[in-house]
Amino acid sequence: MNESIKKVVKFGGSSLASAEQFRKSAAIVLAEESRRFVVPSAPGKRFPEDEKVTDMLLDCHRLASEGRDFSARLAAVRERYELIRTGLGLAVSLDEAFAVIEENLHKGCSRDYAASRGEYLNGILLAFYLGYAFVDAAEVVFFDEDGIFDGEKTNRIMAERLSQLESAVIPGFYGSLPDGSVKTFSRGGSDVTGAIVARAVMADLYENWTDVSGFLMADPRIVRNPQPIKLITYRELRELSYMGATVLHEDSIFPVKLAGIPINIRNTNRPSDPGTMIVPAADSYGESVITGIAGKKGFAVVHIEKDMMNQELGFGMRVLQVLNDMGMCFEHLPSGIDTMGVVLDEKVIAGKEREILAAIARATEPDHIEIEKGLSLIAVVGRGMIKTPGTASRVFAAVARAGINVRMIDQGSSELNIILAVEEKDFERAIDTIYREFIHA
């Protein structure tokens, strides 16, 4: 068996939406012998008004569960695969697979089973087209009785199974429960499967092929033509993903991070683009000291003031205990000598504002307490900031010149990111202003 470099490649729904996209994806796989293990998603949209196959299958399940006729919807799903199969000239039949799916829908199969069949069917077609072995994910990806992913069992069994194969296609998105029934990850979970496979075979690289050429430094809906991110660390990605930058399923970072395997985000439609490389660590940084900017709206801050707060034993603990007792998580916890701010999601506290204030007041007896709503958080992230003096002052000077009032500042102990809160009306302008401060168009 070839023991040279190994790559795991995952293709998103848009990369496998049609016969034409299948050809592009297969050409990418076959262009390098190292691309030995492939993880497909279900067919995505071919054009903006189109439907994703997973949504069509879920509609079949809904109709079946309501006792209604789902035959037309299942026929539409079948037609999607027939267009791919005939468009590629494949002498493989999906008749038996569709017969089983139809029978299981009539028998009252689970929603997860129905949702998973898009990847399953695409896996059969792609394996046949590539000439690779097909490995049903239900045989190598496992969840426990509570539906929680069993990483160690999966890694052990998958590693053993794939070590016997030169190359294979493993459908993304699903696995199996102890009773053998199908269990899915959350939507976008094919990214997770790709990372699991990469860890199991100890790949040198996990390539995630999608319809964008990697990450951008800022949201293109806010910043015009933002520059691409060439290299980013797992920690930086975590910070940006938390703040709403979405290209990769967040859970998919952890299996490869555990094994120290880099991820390369690539564009199926522009395979020559280098994309974004995600690495465990990096000493250097590029032309800019910041790696990216991301943010979200819809936050509130509980402002607490009390003289000599810093000398009062357990003050912060009592505040957090109140939130814990109310089943609430906090987002950030900026503090000063006599002040403390607790940042919360507005949706979580909706209708409970008075209750929160009263409970914290009873627990801490503050001099002043109030809730400020309508805030947005912006994270400026970059490993270069750690070694570059004056980065924070540049951020705040730029925002001040734009006439934007900063309502809160929070910088992590790692100095990897600076988070500022501004009013929601200033959100887009603040992001654009910060980007322009560091990136000269």
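*Asks:* How would you explain the sheet that holds strand β12 (residues 339–345) if you had to name every residue and give the values?
*Replies:* The sheet built from 5 strands is open, its strands ordered β12-β11-β13-β15-β14 with antiparallel pairing. In this open sheet, the two edge strands, each paired with only one partner strand, are β12 and β14 (406–411). Strand-to-strand twist in this sheet, taken as the mean axis angle between neighbours without regard to direction, amounts to 35 degrees. Across 7 bridges, the pairing between strand β13 (residues 368–381) and strand β15 (residues 417–423) is antiparallel.

*Asks:* Go over the packing of aromatic side chains, please, and point to the residues and values.
*Replies:* What the rule picks out here adds up to 6 aromatic pairs. Of the aromatic side chains, those joined through ring pairs into one cluster are F143, F149 and F185. Above the ring of Y120, the side-chain terminus of R117 is found at 4.4 Å from the ring centroid. We note K183 situated over the ring of F143; from NZ or CZ to the ring centre the distance is 5.3 Å.

*Asks:* How would you sum up the pattern of salt bridges? Please name residues and give values.
*Replies:* Summed over all chains, the structure comprises 35 salt bridges. For the salt bridge of E437 with R394, the shortest nitrogen-to-oxygen distance reads 3.1 Å. Here R394 lies in helix α13 (residues 391–401) and E437 lies in helix α14 (residues 427–438), a separation of 43 residues in the sequence. Owing to a relative accessible area of 17%, E437 belongs among the buried residues under this scheme. For R394, a relative accessible area of 32% puts it in the partly exposed group.

*Asks:* Quick one: what's the story with the packing of α13 against α14, residue by residue and with numbers?
*Replies:* Where α13 contacts α14, the two axes come as close as 9 Å, and the packing angle between them is 130 degrees. One element, α13, and the other, α14, form an angle in the oblique class. As α13 runs across α14, the sense of the crossing is right-handed. Only T433, I434, E437 and F438 of α14 make contact with α13, whose side of the interface consists of T391, R394, V395, A398, V399 and R401. Residue classes in the contact of α13 with α14 are distributed as 5 nonpolar, 2 polar and 3 charged.

*Asks:* Outline α14, listing residues and values.
*Replies:* Taking 1.5 Å of rise per residue, 12 residues should cover 16 Å, and α14 covers 17 Å from first to last C-alpha, within 8% of that figure. If you check which residues of α14 are buried, you get F427, A430, I431, T433, I434, Y435, E437 and F438. Considering only its buried residues, α14 is in contact with β11 (292–305), β13, α13 and β15.

*Asks:* Please set out the pairing of strand β1 (residues 7–11) residue by residue, giving values where relevant.
*Replies:* Counted residue by residue, β1 has 5 buried out of 5 residues, so it is predominantly covered. Where burial is concerned, the two faces of β1 agree: the one with K7, V9 and F11 and the one with V8 and K10 are both buried. Pairing geometry for β1 and strand β7 (residues 205–210), over 5 bridges, is parallel. The partner of F11 across the bridge, within β7, is W209. As paired elements, β1 and strand β2 (residues 35–40) share 5 bridges and run parallel to each other. Bridging across to β2, V9 finds its partner in V38. Viewed along the sheet, the connection from β1 through helix α1 (residues 19–30) into β2 turns out right-handed.

*Asks:* Talk me through the packing of helix α3 (residues 71–88) against helix α4 (residues 95–107); I want residue IDs and the actual numbers.
*Replies:* Where α3 contacts α4, the axes come no closer than 12 Å and their chain directions differ by 160 degrees. By the angle between their axes, α3 is roughly antiparallel relative to α4. Like other packed secondary-structure pairs, α3 and α4 cross with a definite hand, here right-handed. Between α3 and α4, the residues in contact are L74, V77, R78 and Y81 and D95, F98, I101, E102 and L105, respectively.

*Asks:* Any details on helix α10 (residues 315–325)? Residues and values, ideally.
*Replies:* One full turn of an α-helix is made of 3.6 residues, so residues set three or four places apart face in the same direction. Those residues of α10 that fall on the buried side of the exposure criterion are F315, V319, V322 and L323. When α10 is viewed along its axis, its buried side chains cluster within an angular range of 95 degrees and face the same direction. Exposed and oriented more than 90 degrees from the buried face of α10 are M317, N324 and D325. Taken together, the buried residues of α10 touch β11, β12 and α12 (353–364). Remark: G327 follows α10 within two positions and exhibits a positive phi of approximately 70 degrees.

*Asks:* Can you lay out the state of the cysteines for me, pointing to particular residues and giving the numbers?
*Replies:* As enumerated under the stated definition, the model contains 0 disulfides in all. Unpaired in this structure, C60 has its nearest cysteine sulfur neighbour in C109, at a distance of 9.6 Å. In this structure C60 comes out as buried when scored by relative accessible area, which is 0%.

*Asks:* Tell me about the pairing of β12, and please be specific about residues and values.
*Replies:* Where burial is concerned, most of β12 is hidden: 6 out of the 7 residues are buried. Of the pairings in the sheet, the one linking β11 to β12 comprises 7 bridges and is antiparallel in character. Note on β12: the bridge partner recorded for V301 is V343.

*Asks:* Please provide a residue-by-residue account of the side chain of S167, values included.
*Replies:* Examined against the element boundaries, S167 turns out to sit in the loop between α6 (151–162) and β4 (168–169). Residues contacting S167, with those up to four places away along its chain left out, are R36, F37, Y132 and A133.

*Asks:* Describe the sheet that holds strand β3 (residues 133–134), listing the residues and the values that go with them.
*Replies:* The 8 strands are arranged β3-β4-β2-β1-β7-β9-β10-β8 in an open sheet whose pairing can be described as mixed. The sheet is open, and its two edges are formed by β3 and β8 (231–233), each paired on a single side. Where α1 meets the sheet, it contacts β1, β2 and β7, and its direction lies at approximately 175 degrees from that of β1. Lying over the sheet, helix α8 (residues 234–242) contacts β8, β9 (263–267) and β10 (276–279), oriented at roughly 85 degrees with respect to β8.

Here is what the cut-offs are and how they apply
Residues numbered from 1 in each chain as written. Predicted model: local features only at pLDDT ≥ 70, side-chain atom pairs only at ≥ 80, totals over all residues. Heavy atoms only, no water. Pairing = 2+ DSSP bridges. Helix = DSSP H or I, 4+ residues; strand = E, 2+ residues; numbered from the N terminus. Axes fitted to C-alpha atoms, helices over the stretch in contact; angles between N-to-C directions. Phe/Tyr/Trp six-rings, centres within 6.5 Å; stacked < 30°, edge-to-face > 60°. Lys NZ or Arg CZ within 6 Å of the ring centre and 35° of its normal. Salt bridge = Lys/Arg side-chain N within 4 Å of Asp/Glu carboxyl O. Buried < 20%, exposed > 50% of the residue type's maximum accessible area, 1.4 Å probe, protein only. Parallel < 35°, antiparallel > 145°, perpendicular 65-115°, else oblique. Left-handed = near helix turned anticlockwise from the far one by under 90°. Contact = heavy atoms within 4.5 Å. Nonpolar A, V, L, I, M, F, W, Y, C, P; charged D, E, K, R; others polar. Expected span 1.5 Å × (residues − 1). Right-handed = clockwise from strand over helix to strand, strands pointing away. Arc of directions from axis to C-beta. Disulfide = S-S within 2.5 Å.

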